[in-house]
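# Results of the structural survey
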Amino acid sequence: MWVIVMTKALYMDDCYLKEFDAIVASVKDDKYVVLDQTLFYPNSGGVEHDTGTLIKEDGTEFKVVFAGKFSGEISHEVDQPGLKPGDKVHGVLDWDRRYLLMRYHTAAHVLSGVFSQETQAQITGNQLTTQKGRIDFALDNFDREQLSGYFEKANSLIEKDLPIKIYAMSREEADPMVFKLAKAMPSSMKEFRIVDIEGFDRQADGGAHVKSLKEVGPLEFLKAENKGKNNRRVYFRIRSESQIQ
Ligand SMILES: [Zn+2]
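Reading guide: rules and limits
- Residues numbered from 1 in each chain as written.
- Predicted model: local features only at pLDDT ≥ 70, side-chain atom pairs only at ≥ 80, totals over all residues.
- Pairing = 2+ DSSP bridges.
- Helix = DSSP H or I, 4+ residues; strand = E, 2+ residues; numbered from the N terminus.
- Axes fitted to C-alpha atoms, helices over the stretch in contact; angles between N-to-C directions.
- Core = buried A, V, L, I, M, F, W, Y, C linked by C-beta atoms within 7 Å.
- Buried ≥ 20, exposed ≤ 12 C-beta atoms within 10 Å, placed from the backbone.
- Domains from an automatic or database assignment.
- Contact = placed C-beta atoms within 7 Å.
- Expected span 1.5 Å × (residues − 1).
- Nonpolar A, V, L, I, M, F, W, Y, C, P; charged D, E, K, R; others polar.

A few words now on the sheet that holds strand β6 (residues 61-70). Strand order in the closed barrel formed by six strands is β2-β3-β7-β6-β5-β8, with antiparallel pairing between adjacent strands. Direction aside, the axes of adjacent strands within the sheet are offset by 45° on average. Bridging between β6 and strand β7 (residues 73-78) involves six bridges; their strand directions are antiparallel. What sits directly across from Phe-66, in β7, is Glu-77.

The backbone phi angle of Asp-29 is positive, close to 50°, even though this residue is not glycine. The phi angle at Ser-71 is positive, at roughly 45°, despite the residue not being glycine. You can see Ser-71 is positioned in the loop between β6 and β7.

Working definition: the strands of a sheet are paired by backbone hydrogen bonds and lie parallel or antiparallel to each other. Read from one edge to the other, the open sheet built from four strands follows the order β9-β10-β15-β14, with strand pairing classed as antiparallel. With one partner strand each, in any of the chains shown, β9 (122-128) and β14 (219-226) form the two edges of the open sheet. The sheet shows a mean angle of 20° between the axes of neighbouring strands, direction not considered. As defined by bridge partners, β9 adjoins strand β10 (residues 133-138) across six bridges and the pair is classed as antiparallel. Following the sheet pairing, Asn-126 is matched in β10 by Ile-135.

Membership of the largest hydrophobic core comes to 50 residues, with the highest contact counts inside it found for Ala-107, Val-110 and Leu-111. If you tally residues by element for this core, the top one is helix α1 (residues 95-119), at eleven residues. Each of domain 1 (8-93) and domain 2 (98-238) gives at least three residues to this core. Apart from residues lying up to four places away in sequence, Val-110 is in contact with Ala-154, Leu-157, Ile-158, Ile-197, Leu-213 and Val-216.

Under the 1.5 Å per step criterion, the end-to-end length of α1 is 36 Å for 25 residues, consistent within 8% with the ideal 36 Å. Just downstream of α1, Gln-120 is the residue with a positive phi angle, here 60°.

Okay, the domain arrangement of the chain next. Partitioning the chain into structural domains gives domain 1 (8-93) and domain 2 (98-238). Every contact between the two is made by ten residues of domain 1 and, on the other side, 15 residues of domain 2. The residue makeup of the side of domain 1 that touches domain 2, split by class, is six nonpolar, two polar and two charged.

A separate point is the environment of Ala-9. Its place among the elements puts Ala-9 in strand β1 (residues 8-9). For the pair Ala-9 and Asp-36, spaced 27 residues apart in the sequence, the C-alpha separation amounts to 9.0 Å. If we ignore the near neighbours within four places in the chain, the residues touching Ala-9 are Thr-38 and Ile-74.

Relative to the assigned elements, Val-65 resides in strand β6. For Val-65, a count of 13 C-beta atoms within 10 Å translates into the label partly exposed. Along the chain, Val-65 and Thr-130 lie 65 residues apart, while their C-alpha atoms are 15 Å from each other. Beyond its immediate sequence surroundings of up to four residues, Val-65 is in contact with Thr-51, Glu-77 and Asp-79.

This brings us to the pairing of strand β3 (residues 32-35). With four bridges joining them, strand β2 (residues 19-28) and β3 adopt antiparallel strand pairing. Within β3, the position partnered with Lys-28 by the bridge is Tyr-32. Here β2 folds back onto β3, and the loop between the two strands holds three residues, one of which, Asp-29, carries a positive phi near 50°. Bridging between β3 and β7 involves three bridges; their strand directions are antiparallel. Along β7, the bridge assignment pairs Tyr-32 with Glu-77.

If you want it as C-alpha cells, here you go:
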C-alpha cells in the first residue's frame, strides 16, 4: 500500500530552485498527480500557479498545466495519462513564468506595506498574474494623486534594493503586523515562515519571493476602482517584464 504524505513544498526553503526529483504518491482520474515533494507553487493566496514539466525515467514528458492545493496536498494536473504511484519523476519549472510571479508577489508586499503605512487601511485581498497585479484594501476615500504618490514611494524603496530574508518565527515572537496579509492562520500553527523586506515590512507568508527588491523592477499604477463601500481596488504592473537575472 502506498502511504500518502503531505507534499513537501520545496519552494518554501529555496525560491530559486528550478528543478527537482520526486516520487509519485497518488494519481486521480489519470491526470491529478500528487508527489512526495514539489517545487510547483499551487494556485493560492491570490497568486497564480506554476507550470512546467514532469519527466518520467523512460523520458516521457508530462506537461503540468495547473497546480492547486486540495486537502493539504499539492495536486499537479498533467496533460496526459501514464503516471502511477511509485514512479520517479524529474520536475522542471517554467522558470520565466515563476520568476515573473515572484516579482509580482514581492511587488504586492511593497505596495501593501506602503498603503498600510500611509493609510492604516486593511489589505483585504490580492490577485497576482503574469500580466498584472491587483490589491484590495478597505478605505473610504482616495484620489488618484494620492495613489500615484504611494507608487512613487514604492518605487523608491525598490530602487534602494532592500534585501528580502525568509526565516521561521514562533507564535510568541510574532507581532500582529506580520499577519496583515495572512488571513486565518490556523491556531494550531506554532511556527510561521516570515518574509522580511529588511527595514521595511514583515509578513507571515508561504509564497515565493525574490531575494532583493531591485529584481522586482519599477512599478506602474494602472487604475483604481471603487468596489462598493470601503473597498478599493488598485491595479498595477511591472513596467519592464524583461528578465533581470
Ligand atoms: Zn508573499
